[in-house]
Structure formats: structure tokens, C-alpha cells
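Coordinate analysis (summary)
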Amino acid sequence: MNCIDAVEGTAKTIIDGLFRLFIEYNLDDTEYIRNIKAVMDSTDTFLQNNREIAGNHHTLKKILYEHAKDLWLNNLFNKAETYNINAEQVSENWEYNGYSFDYIYNHGTYPL
């Protein structure tokens, strides 16, 4: 295993742990997203300060972002299935929920 794989695996494991806390304690979406952003930003800073580990730190940040967003969106989808929300509603909301995740990630609060 090379260094970047170890960094990626560690960061994903931390994100997964934060996600489990988010689910277990029914935390607000902004708490989860702000926490995973802190993990991603800290990982990015580490890689920028240790350039010999990875050539392009932006690629890892994108991978971590997609991982965290997928966890969050799939959780919403699973909740919809649990409450028998029809597939059309889930599909319509999928795009908006993706936008909401992006907005919270970039602004720290829900979209208006």
C-alpha cells in the first residue's frame, strides 16, 4: 500500500465514523457536513504540507467529498424506503438533496 492509499483509507474511516454518529444520535445535517468538511480540509492541509505523499491533493479531496455525499444521500434514500415514499418523489428530491449537501458544505447552513 502506498502512502496516499493509507491517507485515503484513514480519512474515509473517519468520515464513516462521523456518519455513524450522525445516524446514531440523529444529528442535524449541518453538523455532519461541517464535521466531514473539517476532516477533508485537514487531510488536504496535511497533503499540501507533505507533497511527497501525493502529487494532486485535490483528487483525494474530491474522492472524500463524493464518499461523504453518497453516504448522506443514500441515507435519505433508505429513510424514504422505510417510510414508503414513492420512487418518483425520491427521484425528484434526489437532485435537490444533492444541491442541499453542496450548499451546506460550502456555506455551513441550509439553503434558503
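All of the points below concern the structure found in this document. (Residues numbered from 1 in each chain as written. Predicted model: local features only at pLDDT ≥ 70, side-chain atom pairs only at ≥ 80, totals over all residues. Heavy atoms only, no water.)

Turning our eyes to something else, we now look at the packing of helix α1 (residues 3-24) against helix α2 (residues 29-49). Between α1 and α2, the least distance of the axes is 10 Å, while the angle of their chain directions is 165°. Relative to α2, the element α1 lies roughly antiparallel. In this structure, the crossing between α1 and α2 has a hand that is right-handed. When α1 is examined against α2, the residues I4, V7, A11, I14, I15, L18, F19 and F22 are found in contact with a partner set consisting of D29, Y32, N35, I36, V39, M40, T43, F46 and L47. (Axes fitted to C-alpha atoms, helices over the stretch in contact; angles between N-to-C directions. Helix = DSSP H or I, 4+ residues; strand = E, 2+ residues; numbered from the N terminus. Parallel < 35°, antiparallel > 145°, perpendicular 65-115°, else oblique. Left-handed = near helix turned anticlockwise from the far one by under 90°. Contact = heavy atoms within 4.5 Å.)

Next up on the list: the nonpolar core. By size, the foremost hydrophobic cluster in this structure holds 21 residues, and its most contacted members are I15, Y32, I36, M40 and F101. Mapped onto this core, the elements with two or more residues apiece are α1, α2, α3 (57-82) and α4 (87-107). Once residues lying within four places of it in the same chain are set aside, the contact partners of M40 are I15, K61, L64, Y65, A68 and Y105. (Core = buried A, V, L, I, M, F, W, Y, C linked by side-chain atoms within 4.5 Å. Buried < 20%, exposed > 50% of the residue type's maximum accessible area, 1.4 Å probe, protein only.)

Another point: the packing of aromatic side chains. Under the counting rule described, the total for this entry stands at nine aromatic pairs. Their ring planes at 40° and their centres at 5.8 Å tell us that F19 and F22 sit as a pair that is tilted. With F19 and F22 both in helix α1, this residue pair falls three residues apart, about one helical turn. Accessibility assignment for this pair places F19 and F22 in one class, buried. (Phe/Tyr/Trp six-rings, centres within 6.5 Å; stacked < 30°, edge-to-face > 60°.)

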